[in-house]
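# Architecture at a glance
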There are 2 protein chains.
Amino acid sequence: MQAGKPILYSYFRSSCSWRVRIALALKSIDYETVPVNLVKDGGQQLAIIEYLEETRPTPRLLPLDPKKRCLVRMISDLIASGIQPLQNLSVLQQMGQENRLTWAQKVINSGFNALEQVLQNTAGKYCVGDEVSMADLCLVPQVANAERYKVDLTPYPTIRHINKSLLALEAFQVSHPCRQPDTPPELRA
Amino acid sequence: MQAGKPILYSYFRSSCSWRVRIALALKSIDYETVPVNLVKDGGQQLAIIEYLEETRPTPRLLPLDPKKRCLVRMISDLIASGIQPLQNLSVLQQMGQENRLTWAQKVINSGFNALEQVLQNTAGKYCVGDEVSMADLCLVPQVANAERYKVDLTPYPTIRHINKSLLALEAFQVSHPCRQPDTPPELRA
């Protein structure tokens with residue numbers, strides 16, 4: 001990544017790609033997108049974000065205080081390990097067509113119940129206090145997945161509130177799935 | 001964690017608990033175990049390990065070089081987000097009794113195929129070079145899960161080799177599920 005513009009292999013709809021796009025936008029890193037239709041699962045997204053954080057520390061995506069950093073990472077991991085892998089495409093493809101939506105809603109609801117409780121103790125304007133962090137990069141794409149799978153978000157007022165505040169920020173807008181080079185015309189906004 | 005001995009809420013069999021126990025042993029942190037039979041899912045384990053790394057930096061569990069750190073985190077996340085959540089108890093309980101083993105083997109094999117390829121490029125004695133890292137803390141408990149679900153490890157020579165080297169280290173032995181306060185007598189060793 002030292003020489004030339006970094007390349008992001010990205011899929012417009014992938015919540016993992018979106019997390020990284022938000023980080024790149026927040027850190028004002030210019031990059032080229034190479035769209036890939038098949039998105040590899042796993043948690044590589046957090047490793048990329050941690051790498052960006054270490055090599056481009058401004059603006060920071062992790063608080064300075066170790067306990068707050070731990071909260072940020074705990075929330076990120078709750079989403080990136082505890083929710084997203086259980087509802088991603090390759091897992092849903094294992095389910096029968098008729099069980100997919102029910103399964104996705106079940107695992108997202110179970111995760112959001114835990115997340116809502118945590119956020120009630122940690123949130124300010126955003127997931128942890130009033131500073132945008134790695135946890136926020138994980139939250140917004142996961143809420144979009146929940147909406148896609150028609151999860152009723154009424155029981156999660158804190159999640160909804162934070163999500164709304166974040167979607168007002170430019171980094172979350174330019175990185176949105178509806179505005180990527182590989183977004184099909186009918187999904188553009 | 002400043003005042004008094006830290007308490008680890010631990011389940012002898014949980015691979016997430018084991019990862020943390022290895023970190024505590026490597027960093028020579030004395031702690032009390034409070035056994036909990038119901039282990040909460042999610043990825044909090046990595047947040048705890050990152051927290052330990054930041055507050056007790058010696059010996060380090062992340063390399064100094066940002067690219068190597070990224071590799072370590074990528075491997076850790078591949079296991080902690082890409083494999084473990086798909087085969088943990090709460091997911092298996094969703095499957096019918098007759099499908100459990102097949103599902104667990106399928107997701108572990110799919111993850112180990114990816115992992116074996118990565119490790120062939122990064123491994124020395126351990127997952128990344130010759131220094132024990134966070135990735136190794138994730139590897140050993142995951143291999144134990146694979147053995148528990150009777151996954152054939154023949155196609156993964158690098159994984160097997162690293163696992164064997166790590167199990168020779170004291171930190172991996174004292175933290176082993178067969179030696180915990182809540183290990184039932186018939187599983188002790």
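Presented here is a report on the structure given in the accompanying data block. All values derive from a computational prediction rather than experimental measurement.

### Concerning unusual backbone geometry
Residues and elements named next belong to chain A. At the junction of Thr58 and Pro59, the peptide bond is cis and its omega measures out at -10° in the coordinates. Of note, Pro59 is situated in the loop between helix 2 (44-55) and helix 3 (66-80). We note that Lys150 has phi near 55°; this positive angle belongs to a residue other than glycine. Tracing the backbone shows Lys150 in the loop between helix 7 (134-148) and helix 8 (157-167).

### Side note on the relation of the copies chain B and chain A
These two copies of the chain differ by a rotation about an axis and a displacement along the same axis. In screw terms, the move from chain B to chain A is a rotation of 180° and a rise of 0.0 Å along the axis, fitting with an RMSD of 0.0 Å. The two molecules are tied by a two-fold rotation axis, judged by turn and shift. Minimal C-alpha distance to the rotation axis in chain B is attained by Ser81 of chain B, lying at 2.1 Å. Interface overlap between copies is the fraction of interface residues in one copy that are interface residues in the other; for chain B against chain A it reaches 97%, indicating a shared surface.

### Topic: empty space enclosed by the protein
One pass over the structure, following the stated rule, counts one cavity of 30 Å³ or more. Estimated volume of the largest cavity: approximately 90 Å³. Taken together, 13 residues line the largest cavity, and the ones lying closest to its centre are Leu46 and Glu50 of chain A together with Leu46, Glu50 and Asp77 of chain B. Of all the secondary structure elements, the ones that give two or more residues to the lining of the largest cavity are helix 2 and helix 3 of chain A together with helix 2 (44-55) and helix 3 (66-80) of chain B. When grouped by side-chain class, the residues that make up the lining of the largest cavity number five nonpolar, two polar and six charged.

### Observations concerning the side chain of Thr183 of chain B
On the secondary structure map, Thr183 of chain B appears in the segment after helix 8 (170-174). A polar contact is formed between the side chain of Thr183 of chain B and the backbone oxygen of Pro177 of chain B, at a distance of 2.7 Å.

### Comments concerning helix 6 (residues 100-122) of chain A
For helix 6 of chain A, spanning 23 residues, the distance from its first C-alpha to its last is 32 Å, which sits close to the expected 33 Å at 1.5 Å a residue. Among all positions in helix 6 of chain A, only Trp103, Ala104, Val107, Ile108, Gly111, Phe112, Ala114, Leu115, Glu116, Val118, Leu119 and Thr122 of chain A are buried.

### Things to note about the interface of chain B and chain A
Every contact between the two is made by 29 residues of chain B and, on the other side, 29 residues of chain A. Buried area between chain B and chain A, both sides added, is near 2500 Å², and the carbon and sulfur share of it is 66%. For chain B, the biggest contributors to the area lost against chain A are Tyr51, Glu54 and Ser81 of chain B; these three give 18% of the whole. On inspection of chain B and its partner chain A, the count reaches six salt bridges.

### Some remarks on the state of the cysteines
All told, the structure shown has zero disulfides over all chains when counted by the stated rule. Lacking any disulfide linkage, Cys70 of chain A is separated from the closest cysteine sulfur, that of Cys16 of chain B, by 14 Å. Taking the relative accessible area as the measure of exposure, Cys70 of chain A reaches 16% and is therefore buried. With no disulfide of its own, Cys127 of chain A lies 8.5 Å from the sulfur of Cys138 of chain A, the closest cysteine sulfur. Assessed through its relative accessible area of 0%, Cys127 of chain A is described here as buried.

### Notes on helix 1 (residues 15-26) of chain A
Every α-helical turn comprises 3.6 residues, leaving residues that sit three or four positions apart pointing alike. A rise of 1.5 Å per residue sets the reference length of helix 1 of chain A, with its 12 residues, at 16 Å; its end C-alpha atoms lie 17 Å apart and thus fit the reference within 8%. In the segment just after helix 1 of chain A, Ser28 of chain A is the residue with positive phi, at about 50°.

### Observations concerning the nonpolar core
One broad rule of soluble globular proteins: the nonpolar side chains tend to lie buried together. Grouped together as the largest cluster of nonpolar side chains are 104 residues, with contacts concentrated most on Phe112, Leu115, Leu137 and Leu139 of chain A together with Phe112, Leu115 and Leu139 of chain B. When residues in this core are grouped by element, the largest group, nine residues, is from helix 6 of chain A. In contact with Leu115 of chain A, not counting residues within four places along its chain, are Ile75, Leu78, Ile79, Leu139 and Ile159 of chain A.

### Examining the environment of Cys70 of chain A
By secondary structure assignment, the location of Cys70 of chain A is in helix 3. Taking the C-alpha atoms as reference, Cys70 of chain A lies 25 Å from Ala144 of chain A; in sequence the two are 74 residues apart. Ignoring any residue separated from it by four or fewer positions in sequence, one finds Cys70 of chain A in contact with Ala47 and Tyr51 of chain B.

### Section: the packing of aromatic side chains
How two aromatic rings sit relative to each other is set out by the distance from centre to centre and by the angle between their planes. Residue and element names in this part refer to chain A. This model, assessed by the stated rule, comprises four aromatic pairs over all chains. Seen from their ring centres, Phe112 and Tyr156 are 5.6 Å apart, and the 85° between their planes marks the pair as edge-to-face. Placement of the pair is Phe112 in helix 6 and Tyr156 in the loop between helix 7 and helix 8, with a sequence separation of 44 residues. For the pair Phe112 and Tyr156, one class covers both residues: buried.

Cut-offs and rules
- Residues numbered from 1 in each chain as written.
- Chains lettered and ligands numbered in written order.
- Predicted model: local features only at pLDDT ≥ 70, side-chain atom pairs only at ≥ 80, totals over all residues.
- Heavy atoms only, no water.
- Helix = DSSP H or I, 4+ residues; strand = E, 2+ residues; numbered from the N terminus.
- Least-squares fit on C-alpha atoms with pLDDT ≥ 70 in both.
- Contact = heavy atoms within 4.5 Å.
- 1 Å grid on protein atoms, 1.4 Å probe; cavity = no way out; pocket = protein on both sides within 12 Å on 5 of 7 lines; lining within 4 Å.
- Points joined across faces, edges and corners; volume = space filled by probe spheres on them.
- Nonpolar A, V, L, I, M, F, W, Y, C, P; charged D, E, K, R; others polar.
- Polar contact = N/O pair within 3.5 Å; in protein donor to acceptor, adjacent residues only side chain to side chain.
- Expected span 1.5 Å × (residues − 1).
- Buried < 20%, exposed > 50% of the residue type's maximum accessible area, 1.4 Å probe, protein only.
- Buried area = accessible area lost by both parts, 1.4 Å probe.
- Salt bridge = Lys/Arg side-chain N within 4 Å of Asp/Glu carboxyl O.
- Disulfide = S-S within 2.5 Å.
- Core = buried A, V, L, I, M, F, W, Y, C linked by side-chain atoms within 4.5 Å.
- Phe/Tyr/Trp six-rings, centres within 6.5 Å; stacked < 30°, edge-to-face > 60°.

Functional significance is not addressed by these values, which are geometric in nature.
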